[in-house]
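Here is how the chains run, residue by residue.
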Amino acid sequence: QVQLVESGGGLVQAGGSLRLSCAASGSIFSINAMGWYRQAPGKRRELVAGITTGGSTNYADSVKGRFTISRDSAKNTVYLQMNSLKPEDTAVYYCTANARGGVAWGQGTLVTVSS
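Everything numeric here is computed off the predicted structure, so don't read it as measured data.

Draft legend 1. Local environment of the overall build of the protein. Secondary structure summary: the protein contains zero helices and eleven strands in total. For the protein, the residues scored as buried account for 39% of the 115 residues in total. In the protein, once contacts between residues fewer than 6 apart in sequence are set aside, the share between residues at least 24 apart is 53%. In the structure as shown, the protein presents an accessible area of about 6100 Å², 49% of it carried by carbon and sulfur atoms.

In structure tokens form, the structure reads like this:
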């Protein structure tokens, strides 16, 4: 089993920056890829960014040029650097891991962007 713990959420003003962290533990060697999803009130959970063990990344069109996903393999941690934040970025952000045993999810961290 893989366990994920997110941190770094909070309240920021539009135009500000925030960095989210996701620390993985457990059967980390079974992980193929990790990423970030978000869910705003009344909306479906959507993919924000993903990164494979090989370092390939992908982003939602709405965050390209503003968000950057990265990893620190030694710490089993992935990050989401969020710049130029907009009110529409307000959501609960969830870390996820694609592992051989299934998909793991973190508990979520709330990001609120005020106008």
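So much for the structure itself; the text now carries on.
Draft legend 2. How the structure looks around the packing of aromatic side chains. Summed over the entire model, instances satisfying the criterion amount to two aromatic pairs. Aromatic side chains tyrosine 37 and tryptophan 105 sit 5.2 Å apart centroid to centroid with 65° between the ring planes, which places their arrangement in the edge-to-face category. Residue tyrosine 37 is located in strand E4 (residues 31-39), and its partner tryptophan 105 is located in strand E10 (residues 102-105); the two are separated by 68 residues in the primary sequence. Considering the side-chain rings of tyrosine 94 and tryptophan 105, the 6.5 Å spacing of their centres and the 85° angle between planes classify their relative orientation as edge-to-face. One end of the pair, tyrosine 94, is in strand E9 (residues 91-99); the other, tryptophan 105, is in strand E10, with eleven residues separating them in the sequence. We classify tyrosine 94 as buried; its relative accessible area is 15%.

Draft legend 3. A look at the state of the cysteines. Applying the stated rule across the entire model yields one disulfide. Across the disulfide, cysteine 22 is cross-linked to cysteine 95 (sulfur-sulfur distance 2.0 Å). Between cysteine 22 and cysteine 95, the disulfide has an S-S torsion of -85° and is therefore left-handed. Linking cysteine 22 in strand E3 (residues 18-26) with cysteine 95 in strand E9, this pair joins segments that are 73 residues apart in sequence.

Draft legend 4. Main features of unusual backbone geometry. For asparagine 76, which is not a glycine, the phi torsion comes out positive at approximately 50°. One can find asparagine 76 in the loop between strand E7 (67-72) and strand E8 (77-82). A residue is classified by how much of its surface remains accessible, and asparagine 76, at 28% relative accessible area, is partly exposed. The backbone of serine 84 sits at a positive phi, close to 50°, despite the residue not being glycine. Here serine 84 is to be found in the loop between E8 and E9. What makes serine 84 partly exposed here is its relative accessible area of 42%.

Draft legend 5. Highlighting the nonpolar core. Residues Leu4, Met34, Trp36, Leu80, Met82 and Tyr93 are the most contacted members of the largest nonpolar core, which totals 30 residues. Among the secondary structure elements, those contributing two or more residues to this core are strand E1 (2-7), E3, E4, strand E5 (46-52), E7, E8, E9 and strand E11 (109-114). Among the elements that make up this core, the one with the highest residue count is E9 (five residues).

Draft legend 6. Structural context of the sheet that holds E3. Taken together, the four strands give an open sheet; going across it, the order is E1-E3-E8-E7, and neighbouring strands pair in antiparallel fashion. Two strands bound the open sheet, and with one partner strand each, they are E1 and E7. The mean inter-strand angle of the sheet, taken between neighbouring strand axes irrespective of direction, is 20°.

What counts and what doesn't
- Residues numbered from 1 in each chain as written.
- Predicted model: local features only at pLDDT ≥ 70, side-chain atom pairs only at ≥ 80, totals over all residues.
- Heavy atoms only, no water.
- Helix = DSSP H or I, 4+ residues; strand = E, 2+ residues; numbered from the N terminus.
- Buried < 20%, exposed > 50% of the residue type's maximum accessible area, 1.4 Å probe, protein only.
- Contact = heavy atoms within 4.5 Å.
- Areas by Shrake-Rupley, 256 points an atom, 1.4 Å probe, with all protein chains shown as cover.
- Phe/Tyr/Trp six-rings, centres within 6.5 Å; stacked < 30°, edge-to-face > 60°.
- Disulfide = S-S within 2.5 Å.
- Core = buried A, V, L, I, M, F, W, Y, C linked by side-chain atoms within 4.5 Å.
- Pairing = 2+ DSSP bridges.
- Axes fitted to C-alpha atoms, helices over the stretch in contact; angles between N-to-C directions.

Read these as spatial facts, not as claims about activity.
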